[in-house]
Amino acid sequence: MTAVDQVLAQFQASGTESCFHGRHIEPQIYAGLDGSNWRLADYQARGGYQALRKILGQDGSVGMTPDQVIATVKESALRGRGGAGFPTGLKWSFMPRQFPGQKYLVCNSDEGEPGTCKDRDILQYNPHIVIEGMAIAAYAMGISVGYNYIHGEIFQSYDRFEDALQEARAAGLLGDKIMGSSFGFQLHAVHGFGAYICGEETALLESLEGKKGQPRFKPPFPASFGMYGKPTTINNTETFAAVPWIIRNGGQAYLACGKPNNGGTKIYSVSGDVELPGNYEIPMGTPFAKLLELAGGVRGGRKLKAVIPGGSSSPVLPADIMMQCTMDYDSIAKSGSMLGSGALIVMDETRCMVKSLQRLSYFYMHESCGQCTPCREGTGWLSRMVDRVENGHGRPSDMDLLDSVADNIQGRTICALGDAAAMPVRAMIKHFRHEFEHHVEHKTCMVPAYV
Amino acid sequence: MISEAAKARFAKEVAKYPADQKQSSVMACLAIVQQELGYVSAENEQEVADYLGMAPIAVHEVTTFYNMYNQRPVGTFKLNVCTNLPCQLRDGAKALQHLEKKLGITMGQTTEDGMFTLQQSECLGACADSPVMLVNDRTMCSFMSTERLDRLIAGLRAAEVK
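Residues numbered from 1 in each chain as written. Chains lettered and ligands numbered in written order. Predicted model: local features only at pLDDT ≥ 70, side-chain atom pairs only at ≥ 80, totals over all residues. Heavy atoms only, no water.

**Examining the overall build of chain A**
So the rule is basically this: By definition, any uninterrupted DSSP run of H or I lasting at least four residues is a helix, any uninterrupted run of E lasting at least two residues is a strand, and each is numbered from the N terminus. We take the radius of gyration over the C-alpha atoms and set the globule estimate at 2.2 Å times the residue count to the 0.38 power. Think of it in three bands: with a 1.4 Å probe and only protein chains considered, a residue is buried below 20% of the maximum accessible area for its type, exposed above 50%, and partly exposed in between. Note on definitions: a residue-residue contact is assigned when non-hydrogen atoms from the two residues lie within 4.5 Å. The protein chains shown are the only cover counted for residues, whose accessible areas, like all others here, come from Shrake-Rupley with a 1.4 Å probe. The charged-residue count follows a simple rule in which Lys and Arg add positive charge and Asp and Glu add negative charge, with His and chain termini not counted at all. Where a charge lies is defined by one atom per residue type: Lys uses NZ, Arg uses CZ, Asp uses CG and Glu uses CD.
Of regular secondary structure, chain A possesses 18 helices and eleven strands. Scaling as 2.2 N^0.38, a compact globule of 451 residues should have a C-alpha radius of gyration of about 22 Å, and chain A matches this with 22 Å. If you line up chain A on its principal axes, its C-alpha atoms span 75 × 55 × 45 Å. Within chain A, buried positions represent 62% of all 451 residues. Put simply, of all contacts in chain A between residues at least 6 apart along the chain, 70% involve residues at least 24 apart. Counting every atom, chain A has about 15,600 Å² of accessible surface; 52% of that belongs to carbon and sulfur. Side-chain charges in chain A split into 42 positive and 46 negative, and the spacing between the mean points of these groups amounts to 3 Å.

Printed below as a string of structure tokens:
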């Protein structure tokens, strides 16, 4: 280790705060982790690779057919953990089974949605659970090659995943003839290098092909035209990580952990104004109030003002609405927002909503790939207008104008980044219009200034 | 010039993809170049293009599209401080301002001794650890209070002098 590395090592997270705090509820993915037990032998001691052994019939059973694996995942009501919440089993069934050429499996670990940091802890502290989940998915869809595309900023987790891949290959858990069966699966790690848009699945595919990450038109969907134009399935890291438990315990058992149509546990990244920011794995359908309590409550005993419940792209919800919600796709959707990636950005009573929106609107302008005019130009307009309202140069007509610009971006772009930029603006104005009006009229925040 | 050692690392990346899809490894190759040389020059882009059988402009598109590639020389230590909303709520902007004051530069600049380049960055994906900062693309530093920032800067200065 160089002298510089020694210095830097002192400032790295140990995971104690974000992951090994013992305040999960019946965790599956984060269960039993301590930061030092990420290796293959540790994972196997926790029951790891038993699910893969089971489907391949290497545990003395007859094994499971690909159709049985997909049926089990369908039964579990596992929904995509990356943000869209699409039923995983259904997605897997879209892959053409009899396709004669190469097919690909891709894991989307390009976790850059502001507020979200759950996949980082999975890759860092339990990487083999992702490898096992991907191998099971590959078996179910008849795929022989996969890639895990990891956010460039978490390079240490990319290195960690590479190490785990080496272990799995050496143990015959990846490669040809896995566990002596006829099933083979090659898996590789890939890193991004700083582009939020690559979390969008078709931009990610472009990036995997060595190009700038500009999203593709859909249709055709990746299941028919994906990586190198071949059928491809893309799932989020946490989605793959949920699969081994489902195979070991059955789809019904997983569904029973959550609530109907929202199976299993989910990892929530809680950031902002709470006492104990971190990742919390809890059953789907747990009340938000309980999650807030796990995160130590609002910081300094202050009053809750608002929560962005599913990553920065999801519409903000005021405290009174949020406190009525349970943490699952359906409850949050009913309240007018989205569960998204499960990242909760908590804001207390001292926060200015205009200032909060200002930072988010800047972000979307910065990260727009520039391909579609409404997004490329519109995100700039939004950002500059929120800027002027925040800085006391707003006009009374600005709120309606912001809403109109947002309306003209939403639904008019190739990918969802346009919607992601528009939704926070519209929700902020809908719920906190009086704060914007106060800014325009009095040229200051309603709350005392903060940095 | 890209070293032979770097090219050996290129080969490992190329091997991840089908033989006719060498271009897929361009991002990894450019990141290796940056780790070795500090930034990616037009000459390096040409070398990578030759190595992968790509048009130089296609390599340049990648260098310019992704935020983490340095298109010009940076300081010995590139510091990227996240100021996105989750970090802003937990002193991310304060961390950046503290470093600006401490290093006597504004974001985007490099100190006169060439030791530090300071940049504002977008979400690093470690929101629960905020304020967070990325050092030289590869090392995440967590919970960067002003006290820890001071210790880090002092530590890096001392390590570099050794």
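Past the structure itself, the notes keep going.
**Some thoughts on the interface of chain A and chain B**
Selection rule: Throughout, the accessible surface (probe 1.4 Å) given up by two parts as they are put together, summed over both, is called the buried area. Only one rule defines a salt bridge in this text: a Lys or Arg side-chain nitrogen within 4 Å of an Asp or Glu carboxyl oxygen. Here a polar contact is taken to be a pair of N or O atoms separated by no more than 3.5 Å, where protein atoms must pair a possible hydrogen donor with a possible acceptor and residues adjacent in sequence count only if both atoms sit in side chains.
Taken together, the 73 residues of chain A in the interface contact 58 residues of chain B. Buried surface at the junction of chain A and chain B, summed over both partners, amounts to about 5,300 Å²; 61% is from carbon and sulfur atoms. Here chain A is connected to chain B by four salt bridges. Linking B:Glu61 and A:Lys212 is a salt bridge whose minimum nitrogen-to-oxygen distance equals 3.8 Å. Where chain A meets chain B, there are 22 residue pairs in polar contact (both at pLDDT 80 or more).

**A closer look at the side chain of A:Ser368**
Residues and elements named next belong to chain A. Mapping Ser368 onto the fold places it in the loop between helix H15 (353-367) and helix H16 (373-390). The exposure class of Ser368 is buried, given its relative accessible area of 15%. Leave out the neighbours within four places in its chain, and Ser368 touches Cys375, Arg376, Thr379 and Leu417.

**With respect to the layout of surface pockets**
We apply this condition: In this analysis the probe radius is 1.4 Å and the grid spacing 1 Å, with only protein atoms considered; a cavity is a set of points the probe fits into but cannot get out of, a pocket is an open set with protein on both sides within 12 Å along at least five of seven lines, and lining residues have an atom within 4 Å of a point. Grid points are joined across faces, edges and corners, and a volume is the space filled by probe spheres set on the points. Amino acids outside the nonpolar list (Ala, Val, Leu, Ile, Met, Phe, Trp, Tyr, Cys, Pro) and the charged list (Asp, Glu, Lys, Arg) are all regarded as polar, and Gly is one of them.
Roughly 1,300 Å³ of volume is contained in the largest pocket. Along the walls of the largest pocket sit 48 residues, with A:Gly82, A:Gly83, A:Ala84, A:Gly199 and A:Glu200 positioned nearest its centre. Counting residues per element, the ones that place at least two in the lining of the largest pocket are helix H5 (88-93), helix H6 (118-125), strand E4 (232-236) and helix H18 (417-442) of chain A. It is E4(A) that provides the largest number of residues to the lining of the largest pocket, a total of five residues. Class assignment for the residues of the lining of the largest pocket results in 17 nonpolar, 19 polar and twelve charged. Of the pockets and cavities examined, the second largest pocket occupies roughly 690 Å³. Surrounding the second largest pocket, 35 residues form its lining, B:Asn67, B:Met68, B:Asn80, B:Gln119 and B:Gln120 being those nearest its centre. Sorting the residues of the lining of the second largest pocket by element identifies H15 of chain A together with helix H4 (56-65), strand E1 (77-82) and strand E2 (116-121) of chain B as the ones contributing at least two each. For the lining of the second largest pocket, the per-class residue count stands at 13 nonpolar, 16 polar and six charged.

**Some words on the nonpolar core**
Definition in use: Working definition of a nonpolar core: buried Ala, Val, Leu, Ile, Met, Phe, Trp, Tyr and Cys residues. They are joined through side-chain atoms within 4.5 Å.
Core analysis: the largest hydrophobic core is formed by 150 residues, its most contacted members being A:Trp92, A:Val130, A:Phe185, B:Val48 and B:Tyr66. Ignoring any residue separated from it by four or fewer positions in sequence, one finds A:Phe185 in contact with A:Leu105, A:Met134, A:Ala135, A:Ala138, A:Ile143, A:Ser144, A:Val145, A:Gly146, A:Leu174, A:Gly175 and A:Ile178.

**As for the sheet that holds E1(B)**
Residues and elements named next belong to chain B. Just so we agree on the cut-off: Each pair of strands is called paired provided DSSP finds at least two bridges between the two strands. Angles here are taken between N-to-C directions and fall from 0 to 180 degrees, while the axes themselves are lines fitted to C-alpha atoms, restricted in helices to the stretch in contact.
Pairing within the open sheet is mixed, and its four strands lie in the order E2-E1-E3-E4. Here the strands that pair on one side only, and so sit at the sheet edges, are E2 and strand E4 (139-141). Strand after strand, the sheet turns through a mean of 25° between neighbouring axes, direction not considered. In terms of strand pairing, strand E3 (residues 133-135) meets E4 through three bridges, oriented antiparallel. Looking at the pairing, Val135 lines up with Thr139 of E4. Sheet strands touched by helix H6 (residues 92-103): E1, E2 and E3. Its angle to E1, the strand with the most contacts, is close to 145°.

**Some thoughts on the sheet that holds strand E11 (residues 343-348) of chain A**
Residue and element names in this part refer to chain A. Read across the sheet, five strands follow the order E6-E5-E11-E8-E9 without closing on themselves; strand pairing throughout is mixed. The sheet is open, and its two borders are formed by strand E6 (278-283) and strand E9 (317-318), each paired with just one other strand. Here two bridges tie strand E8 (residues 304-308) to E9, and the two strands are oriented antiparallel to one another. Bridge pairing links Ala306 to Pro318 in E9.

**Focus on helix H1 (residues 4-14) of chain B**
Convention followed: What the arc measures is the spread of directions leading from the helix axis to the C-beta atoms.
When we look at burial in H1(B), the residues that qualify are B:Ala6, B:Phe10, B:Glu13 and B:Val14. Projected down its long axis, H1(B) carries its buried residues within an arc of 95°, all on one side. Relative to its buried face, H1(B) has exposed residues pointing more than 90 degrees away, namely B:Glu4, B:Ala5 and B:Lys12. Among the structural elements, helix H8 (155-170) of chain A together with helix H2 (26-37) and helix H3 (42-52) of chain B are those in contact with the buried residues of H1(B). By the N-cap criterion, in which a side-chain oxygen at the helix start approaches the backbone nitrogen of a residue two or three places on, H1(B) is capped by B:Ser3, the distance to B:Ala5 being 3.4 Å.

**Here we look at unusual backbone geometry**
Residue and element names in this part refer to chain A. At the junction of Pro219 and Pro220, the peptide bond is cis and its omega measures out at 5° in the coordinates. With respect to the element layout, Pro220 can be found in the loop between helix H9 (201-208) and E4. The phi angle at Lys443 is positive, at roughly 60°, despite the residue not being glycine. Within the element layout of this structure, Lys443 appears in the segment after H18.

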